[in-house]
Amino acid sequence: MNKNDILGIIPARYGSTRFPGKPLADIGGKSMIQRVYEQASGVIPQVVVATDDTRIFNAVRQFGGQVVMTSPDHKSGTDRCKEALDRQEETTGLTFTAVVNIQGDEPFIEPEQIENLIGCFEKEETQIATLVKPLGAPQELFDANKPKVVIGAHSQALYFSRSPIPFLRGFPKEEWHLHHPYYLHIGLYGYRSDALRAITQLKPSPLEVAESLEQLRWLENGFCITTSVTHHESYSIDTPEDLENLKRKGIF
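So, here is what we can say about the structure in this document. None of these values were measured; they are calculated from a predicted model.

Attention now goes to the overall build of the chain. Broken down by element type, the chain carries 9 helices and 11 strands. C-alpha atoms of the chain, sized along the principal axes, occupy 60 × 45 × 30 Å. Across the 252 residues of the chain, 48% fall into the buried class. At a minimum sequence separation of 6, the contacts of the chain that also span at least 24 residues come to 67%. Carbon together with sulfur atoms contributes 48% to the accessible area of the chain, which is approximately 12200 Å² in total. The average position of the 26 basic charges and that of the 33 acidic charges among the side chains of the chain differ by 3 Å.

Listed below in structure tokens is the structure:
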């Protein structure tokens, strides 16, 4: 797929419960949102921040980035991406075939990960794409904050869960990782534009509500999610403590 046909969107909210103002947090002299923007724009020619806050809007403009104001009523980053797509197409006169949704709290995302995601759209049947990572530390398998995913023979996601999946019968739980390949979900998404517009019209589904995982709504409604494997570590920042931990580790 031609990268000029792709729109990179970075949803960014100011009002994070655990880390208010997170997109503007200073990381080695640059705001978090600027670092994400620079990583993404090194791969995708057209990148825009989608926000509902004038402070973020002004900060992005200040470092020379593209930004669009969106409704404060969106319940998810996916909904915000859909509005940003519509607005960008209206204002630029361009038509985008696909959208890459880049998490605004991953300032150290590797450009290679974005490339991997874009590569999924070389398959015409790809409607939605996401990344998975082989299990690292065994304890991650039982961490409910790290969703797991099982994958089919053609790299399609079969199911996502906060529980360890699959259940490995006949082995002690502490040995499961030794006898089966497990994958963690990395929350970077790509969508064909028509698929993005379609999934934002769907109502919350029973499995989504049960697991609190939005992507299950899409699976329940018959959409196929193509996966690509990454081996890069993901550094999502949810709290000020996460930021301090990365600093102590010398990540920045």
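Moving on to the packing of aromatic side chains. Two numbers describe a pair of aromatic rings. These are the distance of the centres and the angle of the planes. A full pass over the atoms with the stated rule returns 8 aromatic pairs. Judged by centre distance (5.5 Å) and plane angle (65 degrees), the ring pair of Tyr 37 and Phe 63 falls under edge-to-face. Taken together, the residues Tyr 37 in helix α1 (residues 32–41) and Phe 63 in the loop between α2 (54–62) and β5 (67–69) connect sequence positions 26 residues apart. Given a relative accessible area of 22%, Phe 63 falls into the partly exposed group. Here the aromatic rings of Phe 167 and Trp 176 are separated by 5.0 Å at their centres, their planes lie at 70 degrees, and the arrangement is edge-to-face. Assessed through its relative accessible area of 61%, Phe 167 is described here as exposed. Three or more aromatic residues joined by ring pairs form one cluster here, namely Phe 108, Tyr 235 and Phe 252. One residue, Arg 55, lies across the ring of Tyr 14, its end atom 3.6 Å from the ring centre.

With that out of the way, let us pick up the environment of Met 1. Along the chain, Met 1 falls in the segment before β1 (6–12). Overall, Met 1 belongs to the partly exposed group, its relative accessible area being 24%. Considering only alpha carbons, one finds Met 1 and Pro 204, 203 residues apart in sequence, at a separation of 31 Å. Here Met 1 is in contact with Ile 6, Thr 97, Ala 98, Phe 121, Glu 122 and Arg 192, once residues within four sequence places are set aside.

What counts and what doesn't
Residues numbered from 1 in each chain as written. Predicted model: local features only at pLDDT ≥ 70, side-chain atom pairs only at ≥ 80, totals over all residues. Heavy atoms only, no water. Helix = DSSP H or I, 4+ residues; strand = E, 2+ residues; numbered from the N terminus. Buried < 20%, exposed > 50% of the residue type's maximum accessible area, 1.4 Å probe, protein only. Contact = heavy atoms within 4.5 Å. Areas by Shrake-Rupley, 256 points an atom, 1.4 Å probe, with all protein chains shown as cover. Lys, Arg positive; Asp, Glu negative; His and termini not counted. Charge placed at Lys NZ, Arg CZ, Asp CG, Glu CD. Phe/Tyr/Trp six-rings, centres within 6.5 Å; stacked < 30°, edge-to-face > 60°. Lys NZ or Arg CZ within 6 Å of the ring centre and 35° of its normal.

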